[in-house]
Amino acid sequence: MENKNWKAWLYLLPAIAFLGVFMVYPLADVLVYSFEEGYNSASQTFFGTGLYNYSYVLHDPYFLQAVKNTFILVIITVPVSTGIALLISLGLNSIRRLRELYQTVFFLPYVTNTLAVGLVFMILFKKTPYSDGMVNLLINWFGGESVDFIDGPYWAKMFVMCFYTVWVVMPFKILILTSALASVRQDYYNAAKIDGTSKWRIFTRITLPMISPMIFYLIITGFIGAFKAYSDEVALFGTDLNAAGMNTIVGYVYDMLYGDSGGYPSYASAAALILFAIVFTITVINLLISRKNVHY
Amino acid sequence: MKVVLDHLTKKFPSRNKKGDTVTAVSDFCFEVPDGSLIGLLGPSGCGKSTALNLICGLEKPTSGRIFFGDDDVTNLPPENRGVGLVFQNYALYPHLTVRQNILFPLQNLKGKDRLSKAEMLKKADEAAKLVQIEQLMDRKPSEMSGGQQQRVAIARALVKLPRVLLLDEPLSNLDARLRLQTREEIRRIQRDTGITTIFVTHDQEEAMSISDLIVVMKAGVVQQIGRPQEVYDDPANLFVAKFLGTPPINVFEGRVAGGKLFLGEDEVLRVAGVDDQPVWAGVRPEGFIPQEAGPLCCSLAGVEVMGRDTSVVSSHPAAENVSIRSIITAEHRIDKDAETVRFALKPNKVFLFRRDSEERIPFEAV
Amino acid sequence: MDYDVIEQRTRRRETLRKTLTYFFLSIWALIVLFPFYWMILSSLKSYSAYNSEYIPKFYTLAPTLQNYKDAFTAVPLSRYFLNTLIFTLVTTALMLVVILFAAFAFARLDFPGKNVVFALFLALMMIPNELVIITNFVTITDWGLRNTFTGLILPSVTSVFYIYLLKENFEQIPDELYKAAKVDGTSDLKYLFKVMLPICQPTMVTITILKIIECWNAYVWPRLITDDEAYFLVSNGIQEIRENGFGRENIPAMMAAVVVISVPLIVLFLIFRKKVMAGVSRGGTKG
């Protein structure tokens, strides 16, 4: 048996080694970094320990802007995308013909490189001296004024950011909700039909409670995902997100770490831990609410 | 409420080939008397569930009409028919309590049919009382036994006083002991309410025990309709004869020659009014009388004494199955160690069927 | 009660509902497909044609493949492509080996401390990438592995989630098979490859596809760890093209590059549509 134990650990060795070096150790390390004041990555020295890094980050206007952007993004995209995904899934489940085709099309954004397609969105929304772009053309048709969505006013940039985020996260939500809806037994609907239940009542009293666990799952993962938004923003506004005023918390972490404003792993660590604390708190709140509202 | 099924036919598009159709119910004609309990009986896939779905309106017939009383309901959606349906697995809403489940149909009513909250609660309580679940009203379905869930499902179907109550395999999800109890319960509830009730089952014993009338179906076609005892004593064809009765009927390859029925070499019965022909001969288990000089000679395989009755297992070269099961009363004694046993047959327990069409051939016992 | 009226009203309402549903679904399909259409369309317009359209046209009468040539010659697109291919294949292959052994140990072998270790593994699933990436960046830099494939690949060759998925799948294989194999004198390793792997092939395929998608779209880590164009992956490449490529703002060429980058995954998806969708709904969130 001794021999066997030894073998089992051998099988686990690669996984444990990689996880140890690239997950467990960094986890401890990031905490250490976040308390080391004035850490210099070139000389690997620091001059004190304490909460200074946190205080710095929390007073950094770029960070505050990033927090604001991230919160707006989360608050808008999570409900909007979940809501639209629910409508689309309901539609998908009520049709037979062309259903597979629609499902395939709706899934496409999932398998595309978000950086690449983000460029297309940028071009669609951007206003340049040569052309107002596709979207502005549409706006003009409806009698509106052209707006530069990429370098223009904050609300316009925020709109593109939210729009693109919704576009990107939709496939996953549609997929999950469609299969959740399909798994509600037909018997329940037949029973309701025989009792003459109205469509709306079937939806609110039967469908919604039955798929509520999946909806909450999507809301929770949606919150987590949206808080980690970063590469979609890079795709739309370029790598210098601070200049564009469209940075996110994760973007702030990476900018602190690397790039033109980089070289401050301590600040990055502090920011990352603050992000983690925010996400953790919100997830716990979500779970508590869902515990109360999800049936069975 | 009288229910009339008039040449009801339902075809489904076939799954494998395009354009092909599968006929689930074929030319179903039946007038269900008001206030009766009807058992729709048949093996799985015989179209009985489709028939039920047609009656409640979940499916639309390809042709034919359905009447509730004098109303033609053929094209009505289910909610306008006034039917109650109890599903095989009950379909109780898992997130609602028993009371909420029973209230559900009432809360759907609109306009002048709408009841006040107090009236709804009163009706729900009445329905619960009828099925004897008053003390469980605040439970969730998952906290109840199968039998209790079944009662809730019935209460939910009854609460809006349907014109017709339909039950889909009501007992199949219950264990043997509960089944016996519940079927009596269904009978009692039906009697108490007087609502015309149709239920679907594949279990002949279940159908025979509580129905006023049974409808035996096979491959979408109605084989026979009648009171359970009538159908048992007078089956229309070999299928019905085989489907009803436990232990099942014993089938022999026989032939009629010169007014006599032969099973193999044994001349067992004089049958008048039958042309000479090969036949299937069915003998109910209770149709055998052990006799020293009986005409049917079987090899004895075993004797099981079961209290009042004795079950004799034997075999015969002309029998379709390996063993013949006969039930004899205790006054006849069988020597367990004998190699053969001889029987005389009760003429009213013997049925003849055509070899080709398997239709019943009437005969007069002489 | 007039039954004909009821029936007619029901039917009319049904038709209306169907029409609205299809209309609504088609709108979303349009929103999804339009960017794809636009990128293909733009990639086929010539540079001068594109820039002369103050009001963008929804079609082109003179499609050209020049942009694709530019995309491959003016910027090292084929280099990015090759890098991504190497990165994707090596990472996926290494990860499959690592998770296969780990899942096997958890599912099949009994050793003291197994449950504790597995619980620790599961706990790691909760850790966001953003937390550990900082130290990993420093670690890889310290090891002098920036701008190397090793540096790119190493941190992403394990996935706790896939180990978990595979382990669950392995555990569904009945014990009897293992005992039978033991009676026949089959070694653990042979059993793993000859019995378990073939049985769990669908899960392996799913994991492979998900990992390939993940690798192909990787952006953050490659961006941190490479600043030499020779090691750029397509995501970084496209960003580089956007910021410095093609000299002028050559959008048609940029779109050609975007098309080239997007096609492989879309083709892969269309081939394995059912598997990809089943795999994703089993628990893969993007990123």
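Caption draft 1: Representation of the overall build of chain A in the model. Helix and strand counts for chain A stand at 13 helices and two strands. The C-alpha extent of chain A, read off along each of the three principal axes, is 75 × 75 × 35 Å. Here chain A, with 296 residues, has 46% of them falling under the buried criterion. The contacts in chain A between residues at least 6 apart in sequence include a share of 65% that link residues at least 24 apart.

Caption draft 2: Looking closely at the interface of chain B and chain A. Across the contact, 16 residues belong to chain B and 16 residues belong to chain A. Elements represented by at least two residues in the side of chain B that touches chain A include exactly β6 (83-86) and α2 (98-107) of chain B. Each residue belonging to the side of chain B that touches chain A can be placed in one class, and the counts come to eleven nonpolar, four polar and one charged.

Caption draft 3: A look at the packing of α2 of chain B against helix α3 (residues 117-130) of chain B. All names here are of chain B. Relative to each other, α2 and α3 sit at 120°, their axes nearing to 9 Å. Considering the angle they form, α2 stands oblique to α3. As for how α2 packs across α3, the hand of that crossing is right-handed. Listed contacts from α3 to R99, I102, L103 and L106 of α2 are M120, K123, A124, A127 and A128. In the contact of α2 with α3, the residues fall into seven nonpolar, no polar and two charged.

Caption draft 4: Quick look at the interface of chain C and chain A. Chain C puts 67 residues into the contact, and the matching count from chain A is 72 residues. Residue assignment for the side of chain C that touches chain A shows that the elements contributing at least two residues are α1 (3-44), α4 (77-108), α6 (129-142), α11 (201-216), α12 (220-225), α13 (234-244), α14 (251-271) and α15 (273-281) of chain C. Here the side of chain C that touches chain A is composed, by residue class, of 49 nonpolar, twelve polar and six charged.

Caption draft 5: Molecular detail of the environment of S212 of chain A. Within the element layout of this structure, S212 of chain A appears in helix α9 (residues 199-227). Considered as a pair, S212 of chain A and V169 of chain A are 43 residues apart in the sequence and their alpha carbons are 19 Å apart.

Caption draft 6: Highlighting the sheet that holds strand β13 (residues 266-272) of chain B. Residues and elements named next belong to chain B. Read across the sheet, seven strands follow the order β21-β20-β14-β11-β12-β13-β22 without closing on themselves; strand pairing throughout is antiparallel. Only two strands of the sheet have a single partner each, and these edge strands are β21 (360-361) and β22 (364-365). As judged from the four bridges shared by strand β12 (residues 260-263) and β13, these two strands associate in the antiparallel manner. Residue pairing in the sheet places F262 in a bridge with E267 of β13.

Caption draft 7: The arrangement of helix α9 (residues 175-183) of chain C in detail. Little of α9 of chain C is tucked away: zero of the nine residues are buried. One or two positions beyond α9 of chain C, positive phi appears at G185 of chain C, with a value near 80°.

Caption draft 8: The sheet that holds strand β15 (residues 288-290) of chain B, seen in detail. Residues and elements named next belong to chain B. The strand order across the open sheet formed by five strands is β15-β19-β16-β17-β18, and the pairing between neighbours is antiparallel. Across the chains shown, the open sheet's two edge strands, defined by having one partner strand only, are β15 and β18 (324-329). The average angle at which neighbouring strand axes cross in this sheet is 50°, direction not considered. Where strand β16 (residues 296-306) and strand β19 (residues 340-345) come together, four bridges link them in antiparallel fashion. Opposite C297, over in β19, you have R342 as the bridge partner.

Caption draft 9: Broad picture of the domain arrangement of chain B. All names here are of chain B. Domain parsing of chain B yields domain 1 (3-243) and domain 2 (250-365). A C-alpha centroid distance of 39 Å is found between domain 1 and domain 2. Listed per partner, the contact involves seven residues of domain 1 and eight residues of domain 2. Among the residues making up the side of domain 1 that touches domain 2, the classes are represented as five nonpolar, one polar and one charged.

Caption draft 10: Just helix α4 (residues 99-107) of chain A, in detail. Residues and elements named next belong to chain A. For α4, the complete set of buried residues consists of Y102, F106 and F107. Along the axis of α4, the buried positions cluster into a sector of 130°, meaning they face one direction only. Relative to its buried face, α4 has exposed residues pointing more than 90 degrees away, namely E100 and L101.

Caption draft 11: Highlighting the domain arrangement of chain A. Residue and element names in this part refer to chain A. Domain annotation for chain A reports domain 1 (1-50) and domain 2 (62-293). Distance from the C-alpha centre of domain 1 to the C-alpha centre of domain 2: 33 Å. Each partner contributes residues to the interface: domain 1 has six residues there, and domain 2 has seven residues. Among the elements that make up the side of domain 1 that touches domain 2, the one with the highest residue count is helix α1 (residues 2-35) (three residues). Residue composition of the side of domain 1 that touches domain 2, grouped by class: three nonpolar, two polar and one charged.

What counts as what
- Residues numbered from 1 in each chain as written.
- Chains lettered and ligands numbered in written order.
- Predicted model: local features only at pLDDT ≥ 70, side-chain atom pairs only at ≥ 80, totals over all residues.
- Helix = DSSP H or I, 4+ residues; strand = E, 2+ residues; numbered from the N terminus.
- Buried ≥ 20, exposed ≤ 12 C-beta atoms within 10 Å, placed from the backbone.
- Contact = placed C-beta atoms within 7 Å.
- Nonpolar A, V, L, I, M, F, W, Y, C, P; charged D, E, K, R; others polar.
- Axes fitted to C-alpha atoms, helices over the stretch in contact; angles between N-to-C directions.
- Parallel < 35°, antiparallel > 145°, perpendicular 65-115°, else oblique.
- Left-handed = near helix turned anticlockwise from the far one by under 90°.
- Pairing = 2+ DSSP bridges.
- Domains from an automatic or database assignment.
- Arc of directions from axis to C-beta.

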